[in-house]
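A structural walkthrough
Listed here are the chains, written in short residue letters.
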Amino acid sequence: MAEGKADIALIGLAVMGQNLILNMNDHGFVVCAYNRTVSKVTDFLDNEAKGTKIIGANSLEDMVSKLKKPRKVMLLVKAGFAVDEFVKKLLPLLEKGDIIIDGGNSQYTDTQKWCKELKPTGIRYIGMGVSGGEDGARYGPSLMPGGDPEAWPHVKPIFQAICAKANNEPCCDWVGEDGAGHFVKMVHNGIEYGDMQLICEAYSLMKDVLGLEQSKMAQVFDDWNKGELDSFLIEITRDILNFKDKDGQYLLPKIRDTAGQKGTGKWTGISALQYGVPVTLIGEAVFSRCLSAIKDERVEASKVLPGSNIKFTGNKEEFLVHLRKALFASKVISYAQGFMLLREAAKENNWNLNYGSIALMWRGGCIIRSAFLGNIKEAYTKNPQLSNLLLDPYFCEKMSASTPSLRQVVAQAALVGVPAPAFGAALAFYDGYRSSVLPANLLQAQRDYFGAHTYELLSKPGTFVHTNWTGHGGNISASTYNN
Ligand code: 2AM
């Protein structure tokens, strides 16, 4: 009897899990709640879930018996060990056709592992990125599901009902096979690191190059939020700048300048290195957090290492315009790099990623939501084969209008001695990417000089030769090191 049974079970009653359950309940789905510490199930039913259709289970067996078939079990528990333990315990209780969905922040390689292991059992596995924090989970997150495509039609009505909507379109669609959903979520988080770092640098330049009052900075971010930088992160930055503590003083300057991190930015950087894609801005954003964390060492260094004597003498309002354009240009570059990484990973893992649809999934509900992602979606909808976002006609034109400002900002920061690593990385990448000739000819010569690694002739592509540079080395190339 399917009557009275739940549409889906959710394991993990921390805030995210509870809020997703309440969100599903709001959309008419019956959810069965379970948690390792079972007392949390009764607590939840007696409090947050009181008066709803949500049911509880006191064991995994009890939970499984209360589900409609094919059973759908979603995990919202700590990534790694806890996910592994629950999947292992669920397997003997489930049958062919049932679906496990991991909605935690798992590494995409773990999702790949489970997809592969479960394939012969007929139990279907989905790894789904969930973004938007607690509020998103409650009222509309961005959802990025990937894994066994046969599972998708069974869970699609639930996830597309509860997710955020952008212009009435759901910010949730099938991403691709095995770890694709969690990979896309990881890159989302990396891009979030980049966006946040760029905003922090803009704040630092306003404060330390221009010497603006905090109220003025809040005003600038408010203005920026009305144009092409319109986004959740710019909006909350304005609110943070305006926020006063109980004593009437601004809260921001009282916060110790050491950043924490949970690791998803780092994983994006590691993936970028593994796949050989120059995702430099996110890399700088991760390293900037690392540099901020060594506060005591920085305080010591600040006493001995000289900075610059140069002061800003230009027009402040003009510089603010440059800063806005520089921020926009750097964001385009960062997203272009993120999509380059997606493209390379898709190639290596045989994922058929739809880049327009990914931009739409990030358009609403998640931390990087912005008007700008609508333009990215348009670029990939117009040309799904677009090799690089920077080459889309709209973005190409935007870059030519905003890179002169990026140059002004990077140059001023360098002259005055205020660090702007993400802006700098953006400009260096841009100039490298648009260079038909780079000094790698010299690099190849050096490699051939000391290691006989050979070099390719510009006039004869595919022909690798070795030169005896010193006259006393050998003429034999180290063919094993050709690349
Ligand atoms: P708990 O309430 O029993 O601690 C977020 O931490 C969620 O992950 C919580 O629901 C928590 O369950 C669960 N969780 C964390 N570590 C776990 C583990 N090793 N095994 C099972 N569940 C775990």
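For the structure given in this document, a descriptive report is provided here. In this numbering scheme, every chain counts its residues from 1 along its sequence in written order. Selection of residues for local features in this predicted model requires a pLDDT of at least 70, selection of side-chain atom pairs for listing and counting requires 80 or more, and totals for whole chains, interfaces and linings are taken over all residues. The side-chain numbers reported here are obtained from all heavy atoms of the structure, hydrogens and water having been left aside.

Our next topic: the pattern of salt bridges. The working definition used for a salt bridge is a side-chain nitrogen of Lys or Arg within 4 Å of a carboxyl oxygen of Asp or Glu. Enumeration over the complete set of coordinates arrives at 26 salt bridges. Arg-71 is paired through a salt bridge with Glu-95; the nearest N and O atoms lie 4.0 Å apart. Placement of Arg-71 in the loop between helix H3 (60–65) and strand S4 (72–75) and of Glu-95 in the loop between helix H4 (81–90) and strand S5 (99–102) is noted, with a sequence separation of 24 residues between them. With a shortest N-O distance of 4.0 Å, Lys-226 and Asp-223 are connected by a salt bridge. Only protein chains enter the accessibility calculation, which uses a 1.4 Å probe; a residue is then buried when its area is under 20% of its type maximum, exposed when over 50%, and partly exposed in between. You can call Asp-223 partly exposed: its relative accessible area is 39%. Each of the salt bridges in this network shares a partner with another, and the network as a whole consists of Asp-222, Asp-223, Lys-226, Arg-238 and Asp-239. What counts as a helix is a DSSP run of H or I of at least four residues, what counts as a strand is a run of E of at least two, and both are numbered from the N terminus.

Right, let's get into the packing of aromatic side chains. Stacked, tilted and edge-to-face pairs are distinguished by plane angle, under 30 degrees for stacked and over 60 for edge-to-face with tilted covering the rest, among Phe, Tyr and Trp rings (Trp via its six-membered ring) whose centres lie within 6.5 Å. The tally for this structure, following the rule as stated, stands at 19 aromatic pairs. Centroid distance Phe-372 to Phe-395: 5.9 Å. Interplanar angle 80°. Geometry classified as edge-to-face. Of this pair, Phe-372 sits in helix H16 (residues 372–382) while Phe-395 is found in helix H17 (residues 393–416), placing the two residues 23 residues apart along the sequence. A centroid spacing of 5.0 Å and a plane angle of 80° characterise the contact between Tyr-394 and Phe-395, whose relative ring orientation is edge-to-face. Taken together, the ring pairs connect Phe-328, Tyr-335, Phe-372, Tyr-394 and Phe-395 into an aromatic cluster. Whether a charge sits over a ring comes down to the Lys NZ or Arg CZ being within 6 Å of the ring centre and within 35 degrees of the ring normal. Looking at Arg-289, its charged tip hangs above the ring of Tyr-193, at a distance of 3.6 Å from the centre. One residue, Arg-369, lies across the ring of Phe-232, its end atom 4.1 Å from the ring centre.

The periodicity of an α-helix, 3.6 residues per turn, causes residues three or four positions apart to be oriented the same way. The length a helix should cover is 1.5 Å for every residue beyond the first. The terminal C-alpha atoms of helix H8 (residues 180–208), which comprises 29 residues, lie 42 Å apart, in line with the 42 Å expected from a rise of 1.5 Å per residue. Counting buried positions along H8 gives 24 out of 29 residues, so the element sits mostly inside the fold.

We call a residue near a molecule or strand as soon as one heavy atom of that residue lies within 4 Å of the molecule or strand. With respect to spatial proximity, the complete set of residues near the ligand consists of Gly-12, Leu-13, Ala-14, Asn-35, Arg-36, Thr-37, Lys-40, Val-77, Lys-78, Phe-81, Ala-82 and Phe-86. At a separation of 2.7 Å, an oxygen atom of the ligand approaches a polar side-chain atom of Asn-35. Measuring from an oxygen atom of the ligand, one finds a backbone N or O atom of Lys-78 at 3.3 Å. Here, Shrake-Rupley sampling with a 1.4 Å probe gives the accessible areas, and only protein chains in the shown set may cover a residue. Relative to its free-state accessible area of 470 Å², the ligand is covered by the protein chains to the extent of 78%. If you map the ligand onto the pockets, it falls in the second largest pocket. The biggest single contributor to the shell around the ligand is H4, with three residues. Here a polar contact is taken to be a pair of N or O atoms separated by no more than 3.5 Å, where protein atoms must pair a possible hydrogen donor with a possible acceptor and residues adjacent in sequence count only if both atoms sit in side chains. A pocket here means an open set of points on a 1 Å grid, computed over the protein atoms alone, that has protein on both sides within 12 Å along at least five of seven lines. A cavity is instead a set of points where a 1.4 Å probe fits but cannot get out; residues with an atom within 4 Å of a point line either one. The rule for placing a molecule in a cavity or pocket is simple: more than half of its atoms must lie within 2 Å of the grid points.

The amide bond that connects Lys-69 to the next residue, Pro-70, takes the cis arrangement and shows omega of -5°. With respect to the secondary-structure elements, Pro-70 resides in the loop between H3 and S4. Phi angles above zero are rare outside glycine, and Asn-167 is one such case at about 50°. Within the secondary structure, Asn-167 sits in the loop between strand S8 (165–166) and strand S9 (169–170). Residue classification places Asn-167 among the exposed residues on the basis of a relative accessible area of 68%.

Taken as a class, soluble globular proteins show a tendency for nonpolar side chains to be buried jointly. Formed by 87 residues in total, the largest nonpolar core has its most connected members in Phe-183, Trp-224, Leu-323, Leu-342, Trp-362, Ile-376 and Phe-423. Here the element with the most residues in this core is helix H14 (residues 316–349); it accounts for 17 residues. Residue contacts are counted whenever heavy atoms from the two residues lie within 4.5 Å of one another. Sequence-distant contacts of Leu-342, defined by excluding residues within four places in its chain, comprise Phe-183, Val-184, Val-187, Leu-353, Tyr-355, Ile-358 and Trp-362. Side-chain atoms within 4.5 Å are what join buried Ala, Val, Leu, Ile, Met, Phe, Trp, Tyr and Cys residues into a set we call a nonpolar core. Ile-8, Val-31, Ile-126 and Phe-159 belong to the second-largest nonpolar core, a separate cluster that totals 32 residues.

The subject of this paragraph is helix H9 (residues 214–224). Buried within H9 we find Gln-214, Met-217, Ala-218, Val-220, Phe-221, Asp-222 and Trp-224. Residues of H9 that are buried make contact with H8, helix H10 (232–242) and H14.

The next thing to look at is the layout of surface pockets. In this approach the atoms are scanned with a rolling probe the size of a water molecule, which exposes any empty space left behind. Grid points are joined across faces, edges and corners, and a volume is the space filled by probe spheres set on the points. Put simply, the largest pocket is a space of about 1800 Å³. If you trace the largest pocket, you find 42 residues lining it, with Cys-200, Tyr-203, Ser-204, Asp-257 and Ser-292 closest to the centre. Broken down by secondary-structure element, the contributors of at least two residues to the lining of the largest pocket are H8, H10, helix H12 (280–293) and helix H13 (295–304). Sorting elements by how many residues they give to the lining of the largest pocket places H8 first, with ten residues. The nonpolar class holds Ala, Val, Leu, Ile, Met, Phe, Trp, Tyr, Cys and Pro. Asp, Glu, Lys and Arg form the charged class, and all remaining residues, Gly among them, are polar. Partitioning the lining of the largest pocket into residue classes produces 23 nonpolar, eleven polar and eight charged. Each pocket or cavity is described by its volume, and for the second largest pocket that value is around 1200 Å³. Forming the boundary of the second largest pocket are 41 residues, of which Val-77, Lys-78, Ala-79, Asn-105 and Lys-262 lie nearest the centre. Taken together, the residues of the lining of the second largest pocket break down into 15 nonpolar, 16 polar and ten charged.

Once that is clear, we can look at the environment of His-27. Turning to its location among the elements, His-27 is positioned in the loop between helix H1 (15–26) and strand S2 (31–34). Along the sequence, His-27 and Ile-158 sit 131 residues apart, while their C-alpha atoms lie 8.2 Å from each other. Ignoring any residue separated from it by four or fewer positions in sequence, one finds His-27 in contact with Ala-161 and Ile-162.

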